[in-house]
Amino acid sequence: EKWRAYDTTFGWKNWLQFAVELEHDIIMQTPKFPHAHALLMKYDEWEKIMDRQDINETTVLIGHSAGGGFVLKYLSMHPELKVRQVILVAPWIDTENFQPFGFYKDLNLNNNLAAQAEFGIDLMISDDDMPHIKSSFEKITKNISDIRVHKFSGRGHFIDAKLPEIMPIIKF
């Protein structure tokens, strides 16, 4: 069952897509990324998929786990890109150098990253998440100013079927 946490067709991502489209009449895209497991993912493959998306000033980027780290790297590699908001759900940036393909090698966590989003960066973290997620959280919040942190208790790695806590965070 662990594989499901990395599958964009499982869990709260589908629930969120349905809720946003139903309640706000906004089309939400949830692109499928290849090899969405820490050992297999390659930045250039994911970047090609993101480059095909229509990302602009009205876009809210939401990334979970490795996807959250990817959103940060993608923005740092594309400083000209401006979005509406960035939401990171239990982001992972491989502070332990676990990933063999150097996915986060050129990640530049700078203070200006939040300026690329009109409504800034929101980060959701749970007190009982895994240690490597907590170390990623520490590094992200230490290096990027103006991040709004939303702390939760007992939510683990946010892999449940629903994530209602995210709805009031999204700036529609």
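Residues numbered from 1 in each chain as written. Predicted model: local features only at pLDDT ≥ 70, side-chain atom pairs only at ≥ 80, totals over all residues. Heavy atoms only, no water.

Engineer: Teacher, can you tell me more about the pattern of salt bridges here?
Structural biologist: Opposite charge on two side chains allows them to pair when their charged atoms are near. Counting across every chain of the model gives 3 salt bridges. Residue Arg148 is joined to Asp122 by a salt bridge in which the shortest nitrogen-to-oxygen separation is 2.8 Å. A residue pair is termed long-range when its members are at least 10 positions apart, and Arg148 in strand β4 (residues 147-152) and Asp122 in strand β3 (residues 121-126) qualify at 26 residues. Of the residues examined, Arg148 reaches a relative accessible area of 31% and is grouped as partly exposed. Asp122 sits in the buried class, given a relative accessible area of 1%. Where salt bridges share partners, they join Arg155, Asp160 and Glu165 into one cluster. (Salt bridge = Lys/Arg side-chain N within 4 Å of Asp/Glu carboxyl O. Helix = DSSP H or I, 4+ residues; strand = E, 2+ residues; numbered from the N terminus. Buried < 20%, exposed > 50% of the residue type's maximum accessible area, 1.4 Å probe, protein only.)

Engineer: Just to check I follow, could you spell out the sheet that holds strand β2 (residues 85-89) for this structure?
Structural biologist: Through backbone hydrogen bonds, the strands of a sheet pair up, either in parallel or in antiparallel fashion. One open sheet holds the 4 strands; their spatial order is β1-β2-β3-β4, and the pairing between them is parallel. The open sheet terminates on both sides in strands that have one partner only, identified here as β1 (60-64) and β4. Direction aside, neighbouring strands of the sheet carry axes that sit 15° apart on average. Strand contacts of helix α4 (residues 131-143): β3 and β4, with the helix running at about 150° to β3, the strand carrying the most contacts. (Pairing = 2+ DSSP bridges. Axes fitted to C-alpha atoms, helices over the stretch in contact; angles between N-to-C directions. Contact = heavy atoms within 4.5 Å.)

Honestly, it's all geometry; don't read function into it.
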